[in-house]
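Each chain, letter by letter, is given below.
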Amino acid sequence: QVQLVESGGGVVQAGGSLRVSCAASEDSFSRYVMAWFRQAPGKEREFVAAIGWSGGATRYLDSVKGRFTIARGNAKNTVYLQMNSLKPEDTAVYYCAAGRLRLLVTGQNSYDYWGQGTQVIVSS
């Protein structure tokens, strides 16, 4: 089965930047939609961003548009989430997900593979 491992989480001041990464145990992930979700303490898990097979199509949660960028690595087995202008409300555990999908869906149940998460803390 596909295994996803996140990395890059940490503590950053408000207004700062952080990049989280997700590595997949496949030589090529080009036929998978990959996405990022996050879950803050006491909150439900929410969709953050998704990227299509080719890397050309992306979709974002409204509150992160213009601040976050999702991108695939060259080998298509890695996906990144570049987070700029971070806010305290971005504090959450960030999870990467993958699914053999043809649409950039936002529902977590549509994704078959999940990482264990990496924690991002934005301090004020």
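Please refer to the structure higher up on the page.
What you are looking at is a predicted structure, and each value in this text was computed from that prediction instead of being measured.

### What to know about the packing of aromatic side chains
In the structure shown here, the tally under the stated rule is four aromatic pairs. Chaining the aromatic ring pairs together yields one cluster made of Phe37, Phe47, Tyr111 and Trp114. A cation sits over an aromatic face here: arginine 45 above tyrosine 95, 3.9 Å from the ring centre. In this structure, arginine 100 is placed above the aromatic ring of tyrosine 32, and the distance from its NZ or CZ to the ring centre is 5.0 Å.

### Side note on the pattern of salt bridges
Summed over all chains, the structure comprises four salt bridges. The partner of aspartate 90 in a salt bridge is arginine 38, and the shortest N-O contact between them spans 3.0 Å. Here aspartate 90 is found in the loop between strand E8 (78-83) and strand E9 (92-99), whereas its partner arginine 38 is found in strand E4 (residues 33-39), with 52 residues between them in sequence. Of the two residues, aspartate 90 and arginine 38, both sit in the buried class. The salt bridge involving aspartate 62 is made with lysine 65; its shortest N-O contact spans 3.1 Å. The exposure class assigned to aspartate 62 is exposed, which follows from its relative accessible area of 60%. One continuous salt-bridge network, built from bridges that share partners, spans Arg38, Glu46, Arg67 and Asp90.

### Points about the side chain of arginine 72
Mapped onto the elements of the fold, arginine 72 is located in strand E7 (residues 68-72). A polar contact is formed between the side chain of arginine 72 and the backbone oxygen of glycine 52, at a distance of 2.7 Å.

Basis of the calculations
Residues numbered from 1 in each chain as written. Predicted model: local features only at pLDDT ≥ 70, side-chain atom pairs only at ≥ 80, totals over all residues. Heavy atoms only, no water. Phe/Tyr/Trp six-rings, centres within 6.5 Å; stacked < 30°, edge-to-face > 60°. Lys NZ or Arg CZ within 6 Å of the ring centre and 35° of its normal. Salt bridge = Lys/Arg side-chain N within 4 Å of Asp/Glu carboxyl O. Helix = DSSP H or I, 4+ residues; strand = E, 2+ residues; numbered from the N terminus. Buried < 20%, exposed > 50% of the residue type's maximum accessible area, 1.4 Å probe, protein only. Polar contact = N/O pair within 3.5 Å; in protein donor to acceptor, adjacent residues only side chain to side chain.

On their own, these measurements won't tell you what the molecule is for.
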